[in-house]
Amino acid sequence: MKKISLFAHLTHSASSVAASAGGRWAAVLSLLFFASCSGLKYIPEGQKLYTGSKVTIEAPDKLRNQDALQTELEALVRPQPNSSILGLRPKIYFWHLGVGKSKGIGHFLAGKLGQAPVLLSDAQPANTRGLMVNRLQNRGYFHGSASSETQTKDNTAQINYTVRPGQQYTMQEIHFPDRDTLIDAAIRNTAPQTLLKVGDPYDLDVLTNERTRVDQALKNQGYYYFNPTYLLFQVDSTLNGKVNVYYKVKAETPARSTRPYWLKTISLNTNYVLTDTVKREPIRYQKYLYYPDESMFRAKAITRAVFLFPDSLFRQHRRDQTLSRLMSLNTFRYVEIKFAPSTAGDSAGRARLDASVLMTQLKKKSLRAELQLVSKSNGFVGPGLTAQFRNRSAFRGAEQLLVNAVASYETQTKAPSNVEGTRGTTGLLSTEFGLDGQVLVPRIIAPHLPFLNPNLINSDFQPRTTFGLGVRYVTRTGYFSTTSYSASYGYSWKTKITNEQQLKLIDASYNSVSTDTAFNRVLIARPFLKQAYTSQFILASSYRYTYNQQVLEQRRQQIFFQGMAEVSGNVANAISSAVVGKKTPTEYYTIAGQRFAQYAKFDLELREYYRISPKATSGNRIVGRLQIGVGLPYGNSAGGTLPYLRQYGIGGPNSVRAFAARQLGPGSYKPLATDIINNYYDQVGDLRLEGNLEYRQDLFPYVKGAVFIDAGNVWLVNNDPQRPGGQFQASTFLNQLAVGAGAGLRIDVQFFVIRFDYAYPLRANYGTPDDTSGRLNLAIGYPF
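What counts and how
Residues numbered from 1 in each chain as written. Predicted model: local features only at pLDDT ≥ 70, side-chain atom pairs only at ≥ 80, totals over all residues. Heavy atoms only, no water. Core = buried A, V, L, I, M, F, W, Y, C linked by side-chain atoms within 4.5 Å. Buried < 20%, exposed > 50% of the residue type's maximum accessible area, 1.4 Å probe, protein only. Helix = DSSP H or I, 4+ residues; strand = E, 2+ residues; numbered from the N terminus. Contact = heavy atoms within 4.5 Å. Phe/Tyr/Trp six-rings, centres within 6.5 Å; stacked < 30°, edge-to-face > 60°. Salt bridge = Lys/Arg side-chain N within 4 Å of Asp/Glu carboxyl O. Axes fitted to C-alpha atoms, helices over the stretch in contact; angles between N-to-C directions. Left-handed = near helix turned anticlockwise from the far one by under 90°. Nonpolar A, V, L, I, M, F, W, Y, C, P; charged D, E, K, R; others polar. Pairing = 2+ DSSP bridges. Patch = residues over 30% accessible without salt bridge, like charges linked within 9 Å, V, L, I, M, F, W, Y side chains within 5 Å. Areas by Shrake-Rupley, 256 points an atom, 1.4 Å probe, with all protein chains shown as cover. Expected span 1.5 Å × (residues − 1). Polar contact = N/O pair within 3.5 Å; in protein donor to acceptor, adjacent residues only side chain to side chain.

Structural notes on the nonpolar core
General note: in soluble globular proteins, nonpolar side chains tend to be found buried as a group. With 28 residues, the main nonpolar core has Leu268, Ile302, Leu326, Phe339 and Met359 as its most contacted residues. At the level of elements, strand E7 (261–269), strand E9 (288–291), helix H8 (299–303), helix H9 (316–327), strand E10 (332–341) and strand E11 (351–361) are the ones that each hand at least two residues to this core. The leading source of residues in this core is E11, at five residues. With residues near it in sequence (within four places) discarded, Leu326 still touches Ile302, Ala305, Val306, Phe332, Val335, Val357 and Met359. Grouped together as the second largest cluster of nonpolar side chains are 19 residues, Met171, Leu231, Val243 and Val249 included.

In structure tokens, the structure reads:
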């Protein structure tokens, strides 16, 4: 026993010695590795590694906008030091691997991951100090100074800058040109909109912006050839802390730049190509010269989008408006406007310009088709076909005609995951056929009203009137079939690039339902389902407002807001009440023997996009979305629910991604596992609340990653005994939110995005999820 103990002791001691020696070697190797990664061993003899600079502003009191000035001065420091992580500079290490090599792994790593050491000798503090003093002067600190001090430590060096701004000068007097000339008078007329204010600090950027403002104002007064460089600001800084600013037009400004121009001949070419040298006689329409003919576009339709008028003063904003309006017709690939001095005389002695509006057409007709394989969560699988035909000038007025067709054939090859057994759930057939058409007319078809000009003459965007018709047929063999007819009429317009409004005066539909005997038995047992499968009219009108800052790509924080209000059945209910008389609580009004729905519906969506990086091209951002939807059935639908086509569903690749589409709710309701009706009726409700939070990160060129969390649910307005827990209750709704989280990859090639999101359910609307496995979502485009 003692021998065993002694052997064990010796073995333990030897192991301790070996471990101790191994630990020392590991420590030595680690020190050597970290020394290499620190980059210090690759610094040439007699040189020091430049590690950065510190900028300190010395002033008796805190300066106005001192933080902004600090940022500007720090941005002037050159060069940028090698990037480091916890004192390590691995890029220098990789750079060293490629020194003297023209190929091989070392050369490859150096090119991809390496960076040459930035040395103290690369820094030029005298130049940097000069830039800082110049920047101080641009901000009104005319007597500022800057000094620098180099601090060294071993093989590293840091340069510290101290900036003493002194007094900031403010503007005391502002003098506009006073000569008795056309150009000086035009500049004086812009004085009420000046950016220069008495008492404000002198700032070169403000003067530069003011010069641009004056130039734009002059170009909207006919001064086509004026250039902002022709305007000078003379600054008298001899006063004590004050400056006087004088506007001056350069003496050498060309004569043509100091006079306004009027438009004379305006030609419109709707089929311009560079190789077209054929001379044609134009069509004369309202003083315009219209080329080549009206076989594709009537002259009246194109001139509605042109805001350059013969015999009118040239105005830059009308030129820009014309470009924007013509492009928003979506019938032209390119639009260009050229101006040239007119050779024709003017009896009034005015300077004249001829304008040529050159338009290159898009292909008039196109056909697009897509074949899909549909696989649904209820076990239905089958092919689907969608097709779209587009005519970009259906009636020679730049009207867009869109015809969409859809067809699918599905068969249930397996029972859905929440159904025990397969009896009665497989072998079912589902077919769908749909055809709808839209005509987008590039104008608002409405009478002139005192408060509304349908031409929206101050908008840069073409308004539209939309007409729509559609029919869709869906059948589940042996159970039911539905035929839906729809018609719509409305307007859409934009007053700004960020604002869009849509008014649907008519959004009517009729859903005709035919049920078989087997399905009728189910409907009798489930009254709520019977409402969804009852033939009825929807006679709705709606208004939608969208505010979208995503078009402002330079903004670091972007807001998207959309609000919609929809009402249905009010006019029909009022007419029915007047004609038929009041109904009892158990009765309802009909049109041609069919019930019509009456409800009010409100939707709000708010998104915020915050870019982490200051670079406008960066995809690193935090994105949040909140959606709230409220539908209130009343009157002819009192005590019931919204029509099935207007109800809310939740889940799927653009919603709570850990759950299938329309799998959640309403409320805490959980369908019975053996309920065959789940194969036909989605879980929907009258109210919706959903929130999403996502972080997006650039990974590789064209590849982005994301992590996200989603939460939401739907509820009923009125209680349904067949769906216990489905009614909205203020005291319990937060506990009924389903929650999921996950990560994703997105292949983003700018004009096309393929998205893979994998999400896990953290909580179901009824509590702990029955199925905690993840769900893969494959989709096109971002979820929001």
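Considerations on the packing of aromatic side chains
Evaluation of the coordinates by the stated rule reveals 22 aromatic pairs. With 5.6 Å between their ring centres and 65° between their planes, Tyr93 and Phe94 make a pair best called edge-to-face. The exposure class of Tyr93 is partly exposed, given its relative accessible area of 25%. Each ring, one from Tyr225 and one from Tyr261, has its centre 5.2 Å from the other, and the planes form 70°; the classification is edge-to-face. Of the two residues, Tyr225 is situated in the loop between helix H7 (204–219) and strand E5 (231–236) and Tyr261 in strand E7; the sequence distance between them amounts to 36 residues. Grouping residues by exposure puts Tyr225 and Tyr261 together as buried.

Brief notes about the pattern of salt bridges
One pass over the full model with this rule turns up 29 salt bridges. Salt-bridge contacts for Lys670 lead to Asp770; the nearest nitrogen and oxygen are separated by 2.6 Å. Remark: Asp770 occurs in the loop between strand E28 (753–763) and strand E29 (775–780) and Lys670 occurs in the loop between strand E24 (621–633) and strand E25 (687–700); sequence separation between them is 100 residues. Take Lys670: its relative accessible area is 39%, and that puts it in the partly exposed class.

Things to note about the packing of helix H3 (residues 90–97) against helix H4 (residues 105–113)
Two elements in contact, H3 and H4, have axes whose closest approach is 7 Å; the angle formed by their N-to-C orientations is 145°. Once H3 is placed against H4, the crossing between them reads as left-handed. Across the interface between the two elements, Lys91, Phe94, Trp95 and Leu97 from H3 touch Gly106, Leu109, Ala110 and Leu113 from H4. For the contact of H3 with H4, a count of residues per class yields six nonpolar, one polar and one charged.

Focus: the sheet that holds strand E1 (residues 49–57)
A sheet is described by the order of its strands in space; here three strands give the open sequence E1-E3-E2, paired in mixed fashion. Each end of this open sheet is capped by a strand with a single partner; those strands are E1 and strand E2 (145–153). On average, each strand axis in the sheet is inclined to that of its neighbour by 20°, with strand direction left out of account. Where E1 meets strand E3 (residues 156–164), seven bridges bridge the pair, whose relative direction is parallel. Looking across to E3, one finds that Thr56 is bridged to Thr162.

Some words on the sheet that holds strand E4 (residues 170–175)
In space, the three strands of this open sheet follow the order E4-E6-E5, with mixed pairing throughout. The sheet is open, and its two edges are formed by E4 and E5, each paired on a single side. For this sheet the average axis-to-axis angle between neighbouring strands, irrespective of direction, equals 30°. As paired elements, E5 and strand E6 (residues 242–249) share six bridges and run antiparallel to each other. Each bridged residue has a counterpart across the sheet, and for Leu231 the counterpart in E6 is Val249. Along the sheet, H7 makes contact with E5 and E6, crossing E5 at roughly 145°.

Thoughts on a nonpolar patch on the surface
Residues Leu699, Phe700, Leu745, Ile747, Phe756, Tyr758, Tyr760, Leu776 and Leu778 make up a contiguous nonpolar surface patch of about 900 Å² in total accessible area. Only E25, strand E27 (738–748), E28 and E29 provide two or more residues apiece to the nonpolar patch.

Side note on the environment of His317
As for its position among the elements, His317 is in helix H9. Separated by 10 residues in sequence, His317 and Phe307 place their C-alpha atoms 9.3 Å apart.

Quick look at H9
Each turn of an α-helix holds 3.6 residues, which means side chains three or four residues apart point in the same direction. Counted at 1.5 Å a residue, the expected span for H9 with its 12 residues is 16 Å, and the 17 Å between its end C-alpha atoms agrees. For H9, the set of buried residues is Gln316, Arg318, Gln321, Thr322, Leu323, Arg325 and Leu326.

Comments concerning the side chain of Glu210
Relative to the helices and strands, Glu210 resides in helix H7. Other than its neighbours up to four places away in sequence, Glu210 contacts Thr194, Leu195, Leu196, Phe233 and Tyr247.

Considerations on the side chain of Thr498
By the secondary structure assignment, Thr498 is in the loop between strand E17 (480–496) and strand E18 (499–515). With a relative accessible area of 11%, Thr498 lands in the buried category. Only 2.9 Å separates the side chain of Thr498 from the side chain of Asn499, close enough to count as a polar contact. Discounting chain neighbours no more than four positions away, the residues touching Thr498 are Thr546, Tyr547, Asn548, Gln549, Val551 and Leu552.

Quick word on the pairing of E6
Regular strands place their side chains on alternate faces of the sheet. Direction of pairing for E4 relative to E6: parallel, over a ladder of five bridges. The partner of His175 across the bridge, within E6, is Tyr246. Connecting E5 to the antiparallel partner E6 that follows it, the hairpin turn spans five residues, and Gly241 within it adopts a positive phi of roughly 75°.

Overview of the pairing of E28
Pairing between E27 and E28: 10 bridges, direction antiparallel. Following the sheet pairing, Arg746 is matched in E28 by Arg755. Connecting E27 to the next strand, E28, in antiparallel fashion are four residues, including Gln750 with a positive phi near 70°. By the bridge criterion, six bridges tie E28 to E29 in an arrangement that is antiparallel. Along E29, the bridge assignment pairs Phe756 with Leu778.

Quick notes on the environment of Thr331
Within the secondary structure, Thr331 is located in the loop between H9 and E10. As a C-alpha pair, Thr331 and Asn391 span 60 residues in sequence and 9.5 Å in three-dimensional space. For Thr331, the contacting residues outside a window of four places in its chain are Phe297, Gln361, Leu362, Arg392, Ala398 and Gln400.

Thoughts on unusual backbone geometry
One can expect most non-glycine residues to show negative phi and most peptide bonds to be in trans. Each neighbour pair has its own omega, and for Arg78 with Pro79 the value is -5°, a cis peptide bond. By secondary structure assignment, the location of Pro79 is in the loop between helix H2 (66–75) and H3. Of the consecutive residues Tyr291 and Pro292, the connecting peptide bond is found in the cis state with omega at -15°. Tracing the backbone through its elements, the reader meets Pro292 in the loop between E9 and H8. Phi at Lys287 is positive, roughly 75°, even though this residue is not glycine. Here Lys287 shows up in the loop between strand E8 (283–285) and E9. Taking the relative accessible area as the measure of exposure, Lys287 reaches 62% and is therefore exposed. Positive phi values are uncommon outside glycine, yet Ala398 reaches one of about 65°.

Don't take any of this as a statement about function, it's just geometry.
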